[in-house]
Every structure is written in C-alpha cells, then in structure tokens.
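So you can see what is in the structure, the chains are spelled out below.
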Amino acid sequence: NGNDETTSLHKAKKITGYNAQVLVVDDNLINQKVAVGLLEKLGIKTLVASNGLEALKILEKMPIDLILMDCQMPVMGGIEATIQVRAPNSNVLNPRVPIIALTANSLNGEREKCLDAGMNDFLSKPIDVKKLQGLLDNYLNS
C-alpha cells in the first residue's frame, strides 16, 4: 500500500523545519547509524558519542538541543551521564537539555530508573519513526 509511504513522507516533510542539533549517545555502531540516519532524514544535524563520558565532553563545548541516550554503555552508561548532566555543579552548557532514553530493555523498572535519573522520556529500540517524530515535535518545538 503506497499510501502509507506517501503519508509518512508528507509527515516527515512537515517537521523537517527543525533547526536543531541532536546528540546520539550509543556504543553500538549500527544503532548510531540507524538513529543518525532517521534524524538526518528529518533535516536534523547530529553528533555522535560512544559513551556517557564522551557525551559530557561534547555537552561542555557545544550547544545541543536534544540527546538520544543509550542506557547501557561501557565507560559510562546513560543513567550515570544523565545524573552528571543534571547535577547542580555540572559543566555542561545546558543542564536542562531534553534527554530521551534509548533502550532495548523496555521493562518498567528500566523506564523508572531513566526517569528518576533525570531523563525526560523514553524510546525503545528498534526506534519507531512515528514515536521519534512525536518526541522531536514535543521537545524541539516547545
């Protein structure tokens, strides 16, 4: 059914007006490529970090509009990185930057941990494009 594709292309066009930079934080190369590909199709500039420590270094130097953050990574996981971003003594440029948890583990407990750490929302892998667009609309247009 070609209609669905036309509709989703139309919707994608409708919201490519983002003038935003999104940081994708994931230790998995394939997950990085998928997320970056989806975001770039929506006209969003992206940066990539492989762990929470790299993400913090980027956030101290560059203005980022939104973060897609994997929860489980080596060196520093997403939950620890989020706690550091939100800390009162944080050196990041915008400690209130929206952080969306990316996780393959969509168990309720995981969701709570992410939100308790200060993440704003939750997206399970594999990424659902419509859900991603809804989150982008919510956090980048507000």
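Here the structure is a predicted model, which means the values were calculated and not measured.

Enquirer: So what exactly am I meant to see when it comes to the overall build of the protein here?
Expert: For the protein, the helix and strand inventory stands at six helices and five strands. Listing the helices and strands of the protein from first to last along the sequence gives α-β-α-β-α-β-α-β-α-β-α. The buried share among the 142 residues of the protein stands at 44%. For the protein, long-range pairs separated by at least 24 residues make up 62% of all intrachain contacts whose partners lie at least 6 apart in sequence.

Enquirer: Whenever I open this one, the environment of Gln 32 confuses me. Can you help?
Expert: Along the chain, Gln 32 turns up in helix α2 (residues 29-41). Taking C-alpha positions, Gln 32 is 9.9 Å from Leu 68, a pair spaced 36 residues apart along the chain. The contacts of Gln 32, once residues within four sequence positions are left out, are Val 24, Asp 26, Asp 27, Val 48, Ala 49 and Ser 50. From its side chain, Gln 32 meets the backbone oxygen of Asp 26 in a polar contact 2.6 Å long.

Enquirer: Where do I start with the confidence of the model for the protein in this structure?
Expert: One rule of thumb: low pLDDT means the predicted coordinates there are not for detailed reading. Residues at a pLDDT of 70 or more form 85% of the protein, whose mean pLDDT is 87. Element-level pLDDT for the protein is lowest in helix α1 (residues 2-14), with a mean of 44, against a maximum mean of 98 in helix α3 (residues 52-61). In this model residues 1-15 is a low-confidence stretch, pLDDT under 50, and it forms seven contacts with partners more than four residues away in sequence or in other chains.

Enquirer: Explain the packing of α3 against helix α4 (residues 78-86) here, please?
Expert: It is the contact of α3 with α4, at a shortest axis distance of 9 Å, that shows an interaxial angle of 25 degrees. Of the possible angle classes, the one that applies to α3 and α4 is roughly parallel. The interaxial crossing formed by α3 with α4 has right-handed handedness. On α4, the residues touching Gly 52, Leu 56 and Leu 59 of α3 are Ala 81, Gln 84 and Val 85. Within the contact of α3 with α4, the residues separate by chemical class into four nonpolar, two polar and no charged.

Enquirer: Teacher, can you tell me more about the nonpolar core here?
Expert: The tendency in soluble globular proteins is for nonpolar side chains to be buried as a group. Counting residues in each nonpolar core, the largest one holds 22 residues, and the members touching the most others are Leu 23, Val 25, Ile 67 and Met 69. Put simply, the parts of the chain that give this core at least two residues each are β1 (21-25), α3, β3 (66-70), α4 and β4 (99-103). Top element by residues in this core is α3. It accounts for four residues. Sequence-distant contacts of Leu 23, that is, excluding residues within four places in its chain, are made with Leu 47, Val 48, Ala 49, Ala 55, Ile 58, Leu 59, Ile 64, Leu 66, Ile 67 and Leu 68. The next biggest cluster of nonpolar side chains, apart from the first, holds 21 residues, and it includes Ala 20, Ile 100, Leu 102 and Leu 123.

Parameters at a glance
Residues numbered from 1 in each chain as written. Predicted model: local features only at pLDDT ≥ 70, side-chain atom pairs only at ≥ 80, totals over all residues. Heavy atoms only, no water. Helix = DSSP H or I, 4+ residues; strand = E, 2+ residues; numbered from the N terminus. Buried < 20%, exposed > 50% of the residue type's maximum accessible area, 1.4 Å probe, protein only. Contact = heavy atoms within 4.5 Å. Polar contact = N/O pair within 3.5 Å; in protein donor to acceptor, adjacent residues only side chain to side chain. pLDDT = per-residue confidence, 0-100. Axes fitted to C-alpha atoms, helices over the stretch in contact; angles between N-to-C directions. Parallel < 35°, antiparallel > 145°, perpendicular 65-115°, else oblique. Left-handed = near helix turned anticlockwise from the far one by under 90°. Nonpolar A, V, L, I, M, F, W, Y, C, P; charged D, E, K, R; others polar. Core = buried A, V, L, I, M, F, W, Y, C linked by side-chain atoms within 4.5 Å.

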